[in-house]
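Spelled out from the first residue to the last, the chains are:
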Amino acid sequence: MIRAHLWSSFRLVRRSPLAGVGALIVGLVMVAALAAPLLVTSDPIDQDLTVVLRPPFWMEDGSVRHPLGTDHLGRDVYSRLVYGARISLTISVLAALLGAAAGVAAGLVAGYLGGWVDTVIMRIVDLNLAFPLILLALAVVALLGASLRNLVIVMAITTWMIYARVVRGLTLALREQELVQAIRALGAHDTRIIARHVLPNVLPAVMVIWTLEVARVILMESALSFLGLGVPPPTPTWGRMLAEGRDYLVVAGWISIFPGIAIMVTVLGINFLGDGLRDLLDPRLRQQT
Amino acid sequence: MRAYIATRLATAVLVILGVSLVSFLLTFLTGDPAEIMLPPGATENQITAFRAAWGFDDPLPVQYWRFLRRAVHGDFGVSLRHGQSSLPLIAARLPATLQLTVTAMLLAIVLAVPLGVLAAANRGSTIDLLAMGVALLGQSVPNFWLAIMMILLFAVSWGVLPTSGRGGLAHVVMPAAAIAINLMALLTRLVRTTMIEVLTEDYVRTGRGKGLRELAVVTRHALPNALIPLVTVVGLQFGYILGGAIVIETVFTWPGVGLFTMQAILNRDYPVVQASVFILATAVVLINLTVDLLYVWLDPRIRVG
């Protein structure tokens with residue numbers, strides 16, 4: 001089992017070096033998020049008004065004590081970045097999982113049962129797709145309050161439709177396969193057929209979409225946070241760091257520059273990985289994602 | 001064909017009805033709309049009076065029916081902050097947003113098509129690698145961060161573009177570019193992929209066989225067919241573009257619907273939020289409907305299927 005995993009990871013990296021780079025980046029961000037307390041140089045929330053707006057270490061007046069400088073409250077930018085990875089990853093991974101669970105279930109039911117159930121589910125998908133997602137997210141978060149839980153739920157609402165559409169399409173095709181038809185004729189229960197014969201066949205596609213959706217959710221979460229509707233302070237988030245740095249752009253550009261790079265590199269890494277996975281698992285998806 | 005158009009129209013109407021329901025229900029998310037619309041210090045009496053005045057004591061279906069009836073007449077209630085009807089407030093800001101979003105879409109297309117075509121025609125070359133690099137970066141960059149970096153570079157350091165507001169052409173450049181970047185990246189990849197496929201088709205081989213120059217083969221024969229999926233994707237991405245406008249208008253204080261809605265959300269001015277959510281989502285539905293109908297007209301192959 002483990003050997004099989006290693007082998008497939010190896011194949012992925014050999015077939016697509018970019019996927020290897022992606023895996024490396026994602027791995028580093030995950031380590032940062034998990035081991036944050038061990039990696040930081042100072043407490044990410046601690047303010048120290050004696051060292052406000054200090055530049056990164058390679059600039060004049062910079063020191064290795066604050067490798068990426070400090071912000072307007074003297075907080076260490078590097079340590080805040082490391083802790084910020086936690087929020088970005090937690091929200092995006094959980095939201096993408098929740099969205100995937102809901103979307104896959106909806107897609108399986110719609111595709112397998114067809115008829116009015118299919119119509120109703122697909123109209124809800126259409127409806128959900130009609131809203132500029134960030135607008136919906138902003139309005140709902142503003143109303144419900146920006147807690148971690150609410151953000152995860154709201155982000156999941158912006159992602160389930162994509163799984164529903166793809167899974168429905170695949171399920172429709174699988175249902176017509178002779179094997180599935182034969183098992184059905186033998187009297188197997190629908191839930192059993194779905195669990196044993198349909199679900200395993202849609203999982204590779206789901207995994208690819210999941211990866212790419214994690215990247216999209218990171219971008220959206222950081223936008224929400226940037227606009228002031230992310231996880232509330234003092235928890236450091238990349239989006240809010242960026243927003244806070246705006247007032248000091250000219251004198252202390254690093255406050256805004258580094259969180260932006262962190263977001264971009266993380267999203268890039270996940271996209272590399274997603275593209276590689278897609279080419280390996282299901283090249284047909286190229287059209288849809 | 002007629003049946004297809006009829007079904008498509010019926011679906012659009014249904015989805016718009018759904019949009020109205022969601023916009024209506026937004027204020028009920030926390031349970032009591034009076035609570036979220038009134039300032040935190042409101043007394044019990046004020047809340048009761050407010051509820052009665054706004055009809056929040058009626059059963060939900062009755063309230064929804066009233067909301068719908070008014071919405072049809074363009075009445076989404078009075079902005080709590082501006083004391084005016086919310087629809088005209090939004091309508092007044094619509095041209096600014098349209099200017100921005102249309103410019104962004106055109107910019108994305110104008111950059112993506114040549115880049116994608118060049119990449120496809122020179123597959124595996126340096127140009128291809130470069131184009132794909134740009135596309136991958138463009139897909140991963142947070143547009144609001146790019147906006148800030150552009151401000152830092154073009155407005156603050158070099159002083160060649162204005163930092164914010166709406167005015168001449170110079171004001172549109174940075175916000176439009178910031179909104180366009182993600183779409184541009186997506187379209188570049190799309191054009192490249194479809195062009196690579198189209199370039200292997202028989203009629204393209206025939207064109208080459210006839211002795212046509214490669215440029216003519218690519219632009220006259222292959223490109224038109226590669227552009228069909230582009231139309232759909234641009235249409236589908238319209239909602240995304242509008243979402244981008246909300247963020248980017250806020251960064252550049254561009255006086256459009258996005259900035260206005262963002263302020264309404266932060267001020268809990270829910271009649272405006274409702275109207276804006278309804279109008280923007282309806283716009284997305286109508287654009288997608290137009291694109292679907294356009295698609296049938298563009299590609300006769302679909303009419304049969």
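None of these values were measured; they are calculated from a predicted model.

Enquirer: Would you mind going over the overall build of chain A in detail, with residue names and values included?
Expert: On a plain count of helices and strands, chain A comes out with 12 helices and 0 strands. Dimensions of chain A, computed from the C-alpha atoms along their principal axes, are close to 75 × 45 × 30 Å. Considering chain A as a whole, with its 289 residues, one finds that 48% of them fall into the buried category. Sequence-distant contacts, at least 24 apart, represent 72% of the contacts inside chain A between residues at least 6 apart.

Enquirer: How would you explain the overall build of chain B if you had to name every residue and give the values?
Expert: From N to C terminus, chain B includes 14 helices and 0 strands. Reading the secondary structure of chain B in the N-to-C direction produces α-α-α-α-α-α-α-α-α-α-α-α-α-α. With the principal axes as the frame, chain B shows a C-alpha extent of 85 × 60 × 30 Å. For chain B, with 305 residues in total, the buried portion stands at 38%. Here the contacts in chain B between residues at least 6 apart in sequence split such that 72% fall between residues at least 24 apart.

Enquirer: An account of the environment of Arg-240 of chain A is requested, with residue identities and associated values reported.
Expert: Its location among the elements puts Arg-240 of chain A in helix α11 (residues 238–245). Those residues within four positions of Arg-240 of chain A in sequence are excluded, and the remaining contacts are Ser-225, Phe-226 and Gly-230 of chain A.

Enquirer: Outline helix α7 (residues 148–157) of chain A, supporting the account with residue identities and numerical values.
Expert: Inspection of α7 of chain A places Leu-151, Val-152, Val-154, Met-155 and Ala-156 of chain A among the buried residues, and these make up the whole buried set. Of the surrounding elements, those touching the buried residues of α7 of chain A are α4 (77–113), α6 (133–144), α8 (160–175) and α10 (190–226) of chain A.

Enquirer: Please provide a residue-by-residue account of the nonpolar core, values included.
Expert: One finds Ala-137, Leu-138, Met-155 and Tyr-163 of chain A together with Ala-147 of chain B to be the most contacted residues of the largest nonpolar core, which totals 170 residues. The element that contributes the greatest number of residues to this core is α10 of chain A, accounting for 18 residues.

Enquirer: Just give me the short version of the interface of chain B and chain A, but keep the residues and values in it.
Expert: Often, the extent of an interface is quoted as the loss of accessible area on bringing the components together. Counting residues at the interface gives 38 residues for chain B and 33 residues for chain A. Tallied by class, the residues present in the side of chain B that touches chain A amount to 28 nonpolar, 10 polar and no charged.

Enquirer: How would you explain the environment of Trp-158 of chain B if you had to name every residue and give the values?
Expert: Examined against the element boundaries, Trp-158 of chain B turns out to sit in the loop between α7 (143–157) and α8 (169–198). Placed 66 residues apart in sequence, Trp-158 of chain B and Ala-92 of chain B show a C-alpha to C-alpha distance of 33 Å.

Enquirer: How would you explain unusual backbone geometry if you had to name every residue and give the values?
Expert: Geometrically, the link from Pro-233 of chain A to Pro-234 of chain A is a cis peptide bond, its omega value of 10° lying close to zero. On the secondary structure map, Pro-234 of chain A appears in the loop between α10 and α11. Here the phi dihedral of Thr-253 of chain B falls at roughly 35°; this positive angle occurs in a residue that is not glycine. Position of Thr-253 of chain B among the secondary structure elements: in the loop between α11 (238–251) and α12 (257–267).

Enquirer: Could you give an account of the packing of α7 of chain B against α11 of chain B, with specific residues and numbers?
Expert: All names here are of chain B. Two elements in contact, α7 and α11, have axes whose closest approach is 10 Å; the angle formed by their N-to-C orientations is 30°. By the angle class used here, α7 and α11 are roughly parallel. Seen from above, α7 lies across α11 with right-handed handedness. Every residue of α11 that contacts α7 at Asn-143, Phe-144, Ala-147 and Ile-148 is listed here: Gly-244, Val-247, Ile-248 and Val-251. Of the residues assigned to the contact of α7 with α11, the class counts are 6 nonpolar, 2 polar and no charged.

Enquirer: Can you lay out the confidence of the model for chain A for me, pointing to particular residues and giving the numbers?
Expert: Here chain A averages 87 in pLDDT, and 93% of its residues register 70 or above. Predicted confidence in chain A is weakest over helix α1 (residues 2–15) of chain A, with a mean pLDDT of 66, and strongest over α4 of chain A, with 93.

Enquirer: Any chance you could break down the environment of Leu-135 of chain A for me, citing the residues and the numbers?
Expert: Looking at the element boundaries, Leu-135 of chain A is found in helix α6. Beyond its immediate stretch of four places on either side in the chain, Leu-135 of chain A contacts Gly-243, Ile-246, Thr-261, Val-277 and Leu-280 of chain B.

Enquirer: Give me the lowdown on the packing of α7 of chain B against α8 of chain B, citing residues and values where you can.
Expert: All names here are of chain B. Across the interface, α7 lies against α8 with an axial gap of 9 Å and an inter-helix angle of 145°. The way α7 lies across α8 gives a crossing that is right-handed. Only Met-174, Ala-177, Ala-178, Ile-179, Ile-181 and Asn-182 of α8 make contact with α7, whose side of the interface consists of Asn-143, Leu-146, Ala-147, Met-150, Ile-151 and Phe-154.

Enquirer: I'd like a rundown of the confidence of the model for chain B, residues and numbers included.
Expert: A residue-level look at chain B finds 97% of positions with pLDDT of 70 or above and a mean pLDDT of 86. Overall fold confidence for the complex sits at a pTM of 0.89, while the interface term, ipTM, reaches 0.88.

What counts as what
- Residues numbered from 1 in each chain as written.
- Chains lettered and ligands numbered in written order.
- Predicted model: local features only at pLDDT ≥ 70, side-chain atom pairs only at ≥ 80, totals over all residues.
- Helix = DSSP H or I, 4+ residues; strand = E, 2+ residues; numbered from the N terminus.
- Buried ≥ 20, exposed ≤ 12 C-beta atoms within 10 Å, placed from the backbone.
- Contact = placed C-beta atoms within 7 Å.
- Core = buried A, V, L, I, M, F, W, Y, C linked by C-beta atoms within 7 Å.
- Nonpolar A, V, L, I, M, F, W, Y, C, P; charged D, E, K, R; others polar.
- Axes fitted to C-alpha atoms, helices over the stretch in contact; angles between N-to-C directions.
- Parallel < 35°, antiparallel > 145°, perpendicular 65-115°, else oblique.
- Left-handed = near helix turned anticlockwise from the far one by under 90°.
- pLDDT = per-residue confidence, 0-100.

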